[in-house]
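# Observations on chain architecture
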Amino acid sequence: VKVVALAGGIGGARFLRGLRAAVPDAEVSVIVNTGDDITLYGLRICPDLDTVMYTLGGGIDEERGWGRTDETFTTRSELQAYDAPASWFGLGDRDLATHLMRRQMLDAGFPLSQVTAALCERWRPGMRLLPMSDDRVETHVVVDDPQTGRSRAIHFQEWWVRHGAALPASAILAVGAETAAPGPGVLDAIGAADVVVLPPSNPVVSIGTVLQVDGVRAALAAKPVVGLSPIIGGAPVRGMADACLAAVGVQTSAQAVGRHYGARSAGGLLDGWLVDSSDAGVTVPGVEVRAVPLLMSDLAATAAMATAALELVLG
Ligand code: FO1
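So, here's what we can say about the structure. Computed from a prediction, not measured in an experiment: that's the story for all the values here.

What follows covers the packing of helix H2 (residues 47–57) against helix H4 (residues 93–107). For the pair H2 and H4, the least separation of the axes is 12 Å and the interaxial angle reads 120 degrees. With respect to each other, H2 and H4 are oriented oblique. Relative to H4, the crossing made by H2 is right-handed. Contacts between H2 and H4 pair Asp 50, Met 53 and Tyr 54 from the former with Asp 95, Thr 98, His 99 and Arg 102 from the latter. For the contact of H2 with H4, the class distribution of residues is two nonpolar, two polar and three charged.

This part covers the sheet that holds strand E9 (residues 195–198). Strand order in this open sheet of seven strands is E5-E2-E1-E9-E10-E13-E14, and the pairing throughout is parallel. Strands with a single pairing partner mark the edges of an open sheet, and in this sheet they are strand E5 (128–131) and strand E14 (288–292). Neighbouring strand axes in the sheet, compared pairwise and without regard to direction, differ in orientation by 20 degrees on average. In this structure, strand E1 (residues 2–7) lies alongside strand E2 (residues 27–32), joined through six bridges in parallel fashion. Across the sheet, the residue bridging to Val 3 is Val 28, located in E2. Here helix H11 (residues 254–261) sits on the sheet in contact with E9 and strand E13 (272–276), set at roughly 165 degrees to E13. Along the sheet, helix H12 (residues 299–314) makes contact with E9, strand E10 (225–228), E13 and E14, crossing E13 at roughly 145 degrees.

Turning next to the pairing of E10. With burial as the criterion, each face of E10 is covered, one bearing Val 225 and Gly 227 and the other bearing Val 226 and Leu 228. Relative to E10, E9 is paired through three bridges, and the arrangement is parallel. Residue Val 197 lies in a different strand from E10, and its bridge partner there is Val 226. As paired strands, E10 and E13 are joined by three bridges and run parallel to one another.

The next point concerns the nonpolar core. In this structure, Leu 6, Trp 159 and Leu 220 are the most contacted members of the largest nonpolar core, which totals 50 residues. Residues contacting Leu 220, with those up to four places away along its chain left out, are Leu 6, Ile 190, Val 196, Leu 211, Val 225, Arg 264 and Leu 269.

Our next topic: the site of the ligand. Around the ligand lies a shell formed by Asp 36, Pro 47, Asp 48, Trp 66, Phe 89, Gly 90, Asp 95, Phe 156, Gln 157, Trp 160 and Val 161. Within the side chain of Asp 48, a nitrogen or oxygen atom sits 3.1 Å from an oxygen atom of the ligand. Contact between the ligand and Gly 90: an oxygen atom at 2.8 Å from a main-chain N or O atom of the residue. Expressed as a share of its isolated accessible area of 540 Å², the protein-covered part of the ligand is 86%. One can see that the ligand is located within the largest pocket. The set of elements that each furnish at least two residues to the shell around the ligand consists of H2 and helix H6 (156–162). Per element, the largest residue contribution to the shell around the ligand is four residues, and it comes from H6. In terms of residue class, the shell around the ligand is made up of six nonpolar, two polar and three charged.

A few words on unusual backbone geometry. Residues other than glycine seldom take positive phi values, yet Tyr 41 does so here, at roughly 55 degrees. On the secondary structure map, Tyr 41 appears in the loop between strand E3 (38–40) and strand E4 (43–45). You can call Tyr 41 partly exposed: its relative accessible area is 37%. Its identity is not glycine, yet Ala 165 carries a phi of approximately 55 degrees, on the positive side. The residue Ala 165 is located in the loop between H6 and strand E8 (169–175) in this model. Overall, the relative accessible area of 12% leaves Ala 165 in the buried class.

Reading the values: rules and limits
- Residues numbered from 1 in each chain as written.
- Predicted model: local features only at pLDDT ≥ 70, side-chain atom pairs only at ≥ 80, totals over all residues.
- Heavy atoms only, no water.
- Axes fitted to C-alpha atoms, helices over the stretch in contact; angles between N-to-C directions.
- Helix = DSSP H or I, 4+ residues; strand = E, 2+ residues; numbered from the N terminus.
- Parallel < 35°, antiparallel > 145°, perpendicular 65-115°, else oblique.
- Left-handed = near helix turned anticlockwise from the far one by under 90°.
- Contact = heavy atoms within 4.5 Å.
- Nonpolar A, V, L, I, M, F, W, Y, C, P; charged D, E, K, R; others polar.
- Pairing = 2+ DSSP bridges.
- Buried < 20%, exposed > 50% of the residue type's maximum accessible area, 1.4 Å probe, protein only.
- Core = buried A, V, L, I, M, F, W, Y, C linked by side-chain atoms within 4.5 Å.
- Near = heavy atom within 4 Å.
- Polar contact = N/O pair within 3.5 Å; in protein donor to acceptor, adjacent residues only side chain to side chain.
- Areas by Shrake-Rupley, 256 points an atom, 1.4 Å probe, with all protein chains shown as cover.
- 1 Å grid on protein atoms, 1.4 Å probe; cavity = no way out; pocket = protein on both sides within 12 Å on 5 of 7 lines; lining within 4 Å.
- Sits in = over half its atoms within 2 Å of the grid points.

Scope: geometric values only; no functional claims are made or implied.
Here it is as structure tokens:
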């Protein structure tokens, strides 16, 4: 079976580990959000690509959910001693090696997709990681500045990491998405897929950004699509998806997110929508909804979620 998954960071990465365990023989292509990417100190930081790569490759810090295991932050402390403007962002010493490699390959003229493939030769994630685009797309968040009373747009990472998504957002914009071409292999992978899975990733800044890349949404219209709710009992399982949903006027509930994605038969995306057992009773017109346990508490529980998702649309 050929599976395409769209993915963001931690939630997507953990789900993919379950998917790999559930269907080890499946050919899985992951279209990864690059809207969270940011350039700091001249380095191109790709949090979602790295989170997926490290998680599937056994190199992730399990507790934080991002960055490397056994990480140290000596370089960051040194940067803080210089009062470096971006020292709010925690780039670890081990993680820095990935970024130096990426910088060197990008400088040598390789596109992000090829750089990602090269980095994956070390991590062997067991699936194909495809950046959604080789073109630069950066998510910005429009916030009200209490000092000036004016709105201003800040990079998603500044909003998320520096401000803990606590500044109320009035809009979230994927800058560059309108002209970004899909990355090599992205549309072909969807075209060849038997099923497309939307993992329990952030529906706005992860899945929502991938969907803005030219041709992706249209390609999905021809395929069975199943999604897993990142919202359980009215709250995000992890992360601050509620702040992102509020910015686009969607309630933080499994039902509202399902309806936000919408039924494929009605111009939306979904054929199937998996919600947590505690959200049984959710309805999305035109979509088959099933309630199963959706907490990714361990690999077996996550693999069971992946199996339920595939069964919902493939039978
Ligand atoms: N998240 C944080 O909350 N604080 C950090 O300092 C931080 C650093 C970081 C470095 C590399 C990386 O790949 C991810 C990092 N993240 C950090 C996670 C990331 O900012 C977000 O969780 C994702 O962009 C949202 O999917």
